[in-house]
Amino acid sequence: MTDYAPFLPSQVFFGVGEWAANGDPRLSVSPEVVAQQKLFFASMKGVGTYPDSGIELGWEPIRVVADALNKLPAGADAQQLHDFLVAWQGHIGAEGEYDFKKTPQRGLNIDNAVVVRWDPTKKEWHLVSNLRGVPLE
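Residues numbered from 1 in each chain as written. Predicted model: local features only at pLDDT ≥ 70, side-chain atom pairs only at ≥ 80, totals over all residues. Heavy atoms only, no water.

Undergrad: Outline the overall build of the protein, supporting the account with residue identities and numerical values.
TA: Each helix and strand in the protein was counted, giving three helices and five strands. Secondary structure of the protein in N-to-C order comes out as β-α-α-α-β-β-β-β. Taken across its 137 residues, the protein has 35% of its residues classed as buried. Taking as baseline every contact in the protein between residues at least 6 positions apart, the subset at least 24 positions apart corresponds to 45%. When the accessible area of the protein is evaluated, it comes to approximately 8100 Å², of which 56% is carbon and sulfur surface. The average position of the 12 basic charges and that of the 17 acidic charges among the side chains of the protein differ by 4 Å. (Helix = DSSP H or I, 4+ residues; strand = E, 2+ residues; numbered from the N terminus. Buried < 20%, exposed > 50% of the residue type's maximum accessible area, 1.4 Å probe, protein only. Contact = heavy atoms within 4.5 Å. Areas by Shrake-Rupley, 256 points an atom, 1.4 Å probe, with all protein chains shown as cover. Lys, Arg positive; Asp, Glu negative; His and termini not counted. Charge placed at Lys NZ, Arg CZ, Asp CG, Glu CD.)

And the structure:
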């Protein structure tokens, strides 16, 4: 986002996944999701970057697959991984709780979306909605 800051409007809003809340207590999510959001932000800080959607789009799929492989028996093949993933419900990530039965190939849907505002001076996201884009009260 810092590359875009010179020409962005002073207030710009984005629809993104739950990850951007970074554990904001106003977002109605489970403590497990909050813990994953905190882990994501802390990990990015540890490598000297502030997360955005591009970084998160790499982070979350790797964590989904790694978690799935840890649940499968040693030596599981690609077909076993596929079969597990298409039926998996309950993976907890920074984006929320995944349900690949309800939302095939994604695990998440509009129920996991929020609206955030980018603050270029602090270089951070500010939550402006609850899940599904419902305004915060």
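Anyway, onward from the coordinates.
Undergrad: Go over the pairing of strand S2 (residues 89-93), please, and point to the residues and values.
TA: Where S2 meets strand S3 (residues 96-99), four bridges bridge the pair, whose relative direction is antiparallel. What sits directly across from Ile92, in S3, is Glu97. Following S2, the chain reverses through two residues before pairing antiparallel with S3. (Pairing = 2+ DSSP bridges.)

Undergrad: How would you summarise the sheet that holds strand S5 (residues 124-127) if you had to cite specific residues and measurements?
TA: As summarised here, the arrangement of the three strands in space is S1-S4-S5, forming an open sheet in which the pairing is antiparallel. Here the strands that pair on one side only, and so sit at the sheet edges, are strand S1 (13-17) and S5. Across the sheet, the axes of successive neighbouring strands diverge by a mean angle of 45 degrees, strand direction being ignored. (Axes fitted to C-alpha atoms, helices over the stretch in contact; angles between N-to-C directions.)

Undergrad: Lay out the nonpolar core with the relevant residues and their values.
TA: Trp19, Phe40, Val116 and Trp125 are the most contacted members of the largest nonpolar core, which totals 17 residues. Elements that contribute at least two residues to this core include exactly helix H1 (31-46), strand S4 (113-119) and S5. Once residues lying within four places of it in the same chain are set aside, the contact partners of Trp19 are Gln37, Phe40, Phe41, Pro51, Asp52, Ser53, Glu56, Ala94, Glu95 and Trp125. Ala68, Leu72, Tyr98 and Phe100 belong to the second largest nonpolar core, which has nine residues in total. (Core = buried A, V, L, I, M, F, W, Y, C linked by side-chain atoms within 4.5 Å.)

Undergrad: Can you explain the side chain of Asp119? Please cite residues and give values.
TA: Tracing the backbone shows Asp119 in strand S4. Lacking a salt bridge, the buried Asp119 has Arg117 as its closest oppositely charged neighbour, with an N-O distance of 4.6 Å. Within the local environment of Asp119, its side chain forms a polar contact with the side chain of Thr121, the two groups lying 2.6 Å apart. Dropping the residues within four chain positions of it, Asp119 is found in contact with Glu124 and His126. (Salt bridge = Lys/Arg side-chain N within 4 Å of Asp/Glu carboxyl O. Polar contact = N/O pair within 3.5 Å; in protein donor to acceptor, adjacent residues only side chain to side chain.)

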